[in-house]
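# A look at the structure
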Amino acid sequence: LGSCRNQKFIPHDYDVDVLVFGVNQFLEVVHKMANDGFGYNRDAMLINQCVKFNPFKWDDSRTDCLKPTLDVFLFRCEGGKIESLSAVARERWPRWWDLEENMFPIGEHKFEGMTLKGARKPEDFLERMYGDWKTPDRTWGPKDNMEVNR
């Protein structure tokens, strides 16, 4: 959402979501980030097959979503559909999927002055997830985030 609408972090959500396909690649990313000294939240790893990394000690507070993080998710591509490998995550976020044809071949998106790789056609996914995704929703997000409450 940030790269497509804002070309930067959304004021109330300072994370970058990365989808990894394949258990070996997922574990490789997890080990690399941990070995490089990034803090991470282990709780979601087994349930949602997601690891949230950050360059600081993880404290599980609500304010962690206000600090830059890298969320790495284990996904699969099956029958032309891209979705979480975790059944728990699929149940928790039922709209978080996309068609393979919208994802590949990978496209490029501007983000914080960089060019990043991402879904080729993210609009269908963003519409399904957020509805009117082009208009920022200033009421969504942690209530202690002053950016959201302005």
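Anything mentioned here points back to the structure above.
Report on the accompanying structure. (Residues numbered from 1 in each chain as written. Predicted model: local features only at pLDDT ≥ 70, side-chain atom pairs only at ≥ 80, totals over all residues. Heavy atoms only, no water.)

### A short note on the packing of aromatic side chains
Evaluated as defined, the whole model comprises 5 aromatic pairs. Seen in terms of ring centroids, Phe 73 and Trp 96 are 4.5 Å apart; in terms of plane orientation they differ by 85°. Their pairing is edge-to-face. Of this pair, Phe 73 sits in strand S4 (residues 69-78) while Trp 96 sits in the loop between helix H4 (87-92) and strand S6 (97-99), placing them 23 residues apart in sequence. Geometrically, the ring pair formed by Phe 75 and Trp 96 is edge-to-face, given 5.0 Å between the ring centres and 80° between the ring planes. Note that Phe 75 is positioned in strand S4 and Trp 96 in the loop between H4 and S6, a separation of 21 residues in sequence. In this pair, the class of Phe 75 matches that of Trp 96, namely buried. In this arrangement the basic side chain of Lys 81 is found over the ring face of Trp 97, its NZ or CZ atom lying 4.7 Å from the centre. The positively charged end of Arg 128 is found above the aromatic ring belonging to Trp 97, 3.7 Å away from the centroid. (Phe/Tyr/Trp six-rings, centres within 6.5 Å; stacked < 30°, edge-to-face > 60°. Helix = DSSP H or I, 4+ residues; strand = E, 2+ residues; numbered from the N terminus. Buried < 20%, exposed > 50% of the residue type's maximum accessible area, 1.4 Å probe, protein only. Lys NZ or Arg CZ within 6 Å of the ring centre and 35° of its normal.)

### Looking at the pairing of strand S3 (residues 50-54)
Burial analysis of S3 places 4 of its 5 residues in the buried class, which makes it a mostly covered element. Alignment of strand S2 (residues 39-41) against S3, held across 3 bridges, turns out to be antiparallel. Looking across to S3, one finds that Gly 39 is bridged to Asn 54. Pairing geometry for S3 and S4, over 4 bridges, is antiparallel. Of the residues in S4, the one forming a bridge with Lys 52 is Asp 71. (Pairing = 2+ DSSP bridges.)

### Concerning a negative patch on the surface
Side chains of Glu 100, Glu 101, Glu 123, Asp 124, Glu 127 and Asp 132 sit close together on the surface and give a patch of like negative charge. Of all the secondary structure elements, the ones that give two or more residues to the negative patch are helix H5 (100-103) and helix H6 (123-130). Here the negative patch gets 3 residues from one element, more than from any other, and that element is H6. Note that Glu 100 resides in helix H5. (Patch = residues over 30% accessible without salt bridge, like charges linked within 9 Å, V, L, I, M, F, W, Y side chains within 5 Å. Areas by Shrake-Rupley, 256 points an atom, 1.4 Å probe, with all protein chains shown as cover. Salt bridge = Lys/Arg side-chain N within 4 Å of Asp/Glu carboxyl O. Lys, Arg positive; Asp, Glu negative; His and termini not counted. Charge placed at Lys NZ, Arg CZ, Asp CG, Glu CD.)

### Topic: the pattern of salt bridges
Scanning the entire structure with this criterion turns up 6 salt bridges. Across the pair Asp 36 and Lys 32 runs a salt bridge whose closest N-O atoms are separated by 2.9 Å. Taking the shortest distance from any N to any O, the salt bridge between Glu 78 and Arg 76 comes out at 3.9 Å. Residue Arg 76 is classed as partly exposed on the basis of its relative accessible area, which comes to 22%. Residues participating in the shared-partner salt-bridge network are Arg 76, Glu 78, Lys 81 and Glu 83.

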